[in-house]
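Fold and contact review
One-letter residues, chain by chain:
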Amino acid sequence: MSTQIAEDTREATLSLAPLCRSAELERGWGEALWHETTQLALFRTEEDAFYATSHHCPTSGAKVMARGILGDTVVDGASVATVACPLHKEVYRLDTGECLNADSLPLPVQRLMEIEGQLWMEQIK
Ligand code: FES
């Protein structure tokens, strides 16, 4: 019983994990990165926006998303950055992970911050 109370009152802590220098990422491309036990895909758009997603395509589990094709589209009147899976071309929003052209699971996305040229990923522990 006391264990259950302790688990219920435990607070989540937000922390930032360093990933890489933003200048290490080439504009218009993605790079795969191991972070702890997770494979991430990092992207730098032509407009110097940075995104992090899972490297695994939600459709097949293939580790290919860092080789996806960057683009953009308009959703509800706003331009959003996208990545198309290089295998079957399903298109995902980079900000939310929503799949825009198929009834697919979302692509897991991570929140990033760029501070003085360093990319940090938010993580909750
Ligand atoms: S493997 Fe990614 S859309 Fe099929």
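Since the structure is predicted, the reported quantities are computational estimates derived from the model, not experimental observations.

**A closer look at the overall build of the chain**
- A tally of helices and strands in the chain yields one helix and 10 strands.
- Along the chain, helices and strands appear, N-terminal first, in the series α-β-β-β-β-β-β-β-β-β-β.
- If one aligns the C-alpha atoms of the chain with their principal axes, the spans along those axes are about 50 × 40 × 30 Å.
- Across the 125 residues of the chain, 36% fall into the buried class.
- At a minimum sequence separation of 6, the contacts of the chain that also span at least 24 residues come to 40%.
- Total accessible area on the chain stands at roughly 7800 Å², and carbon and sulfur atoms take up 51% of it.
- Separation of charge centres in the chain, based on 10 positive and 19 negative side chains, amounts to 5 Å.

**A closer look at the pattern of salt bridges**
- Taken as a whole, this structure holds four salt bridges when the rule is applied.
- Measuring nitrogen to oxygen at the nearest pair gives 2.8 Å for the salt bridge that ties Asp-48 to Arg-44.
- Asp-48 sits in the partly exposed class, given a relative accessible area of 31%.
- Between Asp-95 and Arg-93 there is a salt bridge, with the nearest N and O atoms lying 2.7 Å from each other.
- On the basis of relative accessibility, which here comes to 14%, the residue Arg-93 falls in the buried class.
- Taken together, the shared-partner salt bridges in this structure form one network comprising Arg-27, Arg-44 and Asp-48.

**Some thoughts on unusual backbone geometry**
- Of note in the backbone geometry, Asp-76 takes a positive phi value of approximately 50 degrees without being a glycine.
- As for its placement among the helices and strands, Asp-76 is situated in the loop between strand S5 (69–75) and strand S6 (78–84).
- Since its relative accessible area comes to 80%, Asp-76 is described here as exposed.
- Positive phi values are uncommon outside glycine, yet Glu-116 reaches one of about 50 degrees.
- If you trace the backbone, Glu-116 turns up in the loop between strand S9 (112–115) and strand S10 (118–124).
- Overall, Glu-116 belongs to the exposed group, its relative accessible area being 75%.

**Some thoughts on the UniProt feature "domain: Rieske" (unreviewed entry) in the chain**
- The UniProt feature table records "domain: Rieske" (unreviewed entry) at residues 17–121.
- Counting secondary structure, residues 17–121 comes out at 0% helix and 49% strand; the distance between its end C-alpha atoms is 5 Å.

**What to know about a negative patch on the surface**
- Side chains of Glu-26, Glu-31, Glu-46, Glu-47 and Asp-72 sit close together on the surface and give a patch of like negative charge.
- Looking at the secondary structure, you find Glu-46 in the loop between strand S3 (38–44) and strand S4 (50–54).

**Some points on the side chain of Gln-123**
- Mapped onto the secondary structure, Gln-123 falls in strand S10.
- Residue class for Gln-123 comes out buried when judged on its relative accessible area of 14%.
- In terms of polar contacts, Gln-123 uses its side chain to reach the side chain of His-35, at 3.3 Å.

The rules behind the values
- Residues numbered from 1 in each chain as written.
- Predicted model: local features only at pLDDT ≥ 70, side-chain atom pairs only at ≥ 80, totals over all residues.
- Heavy atoms only, no water.
- Helix = DSSP H or I, 4+ residues; strand = E, 2+ residues; numbered from the N terminus.
- Buried < 20%, exposed > 50% of the residue type's maximum accessible area, 1.4 Å probe, protein only.
- Contact = heavy atoms within 4.5 Å.
- Areas by Shrake-Rupley, 256 points an atom, 1.4 Å probe, with all protein chains shown as cover.
- Lys, Arg positive; Asp, Glu negative; His and termini not counted.
- Charge placed at Lys NZ, Arg CZ, Asp CG, Glu CD.
- Salt bridge = Lys/Arg side-chain N within 4 Å of Asp/Glu carboxyl O.
- UniProt positions renumbered as here; feature names shortened; annotations may be inferred.
- Patch = residues over 30% accessible without salt bridge, like charges linked within 9 Å, V, L, I, M, F, W, Y side chains within 5 Å.
- Polar contact = N/O pair within 3.5 Å; in protein donor to acceptor, adjacent residues only side chain to side chain.

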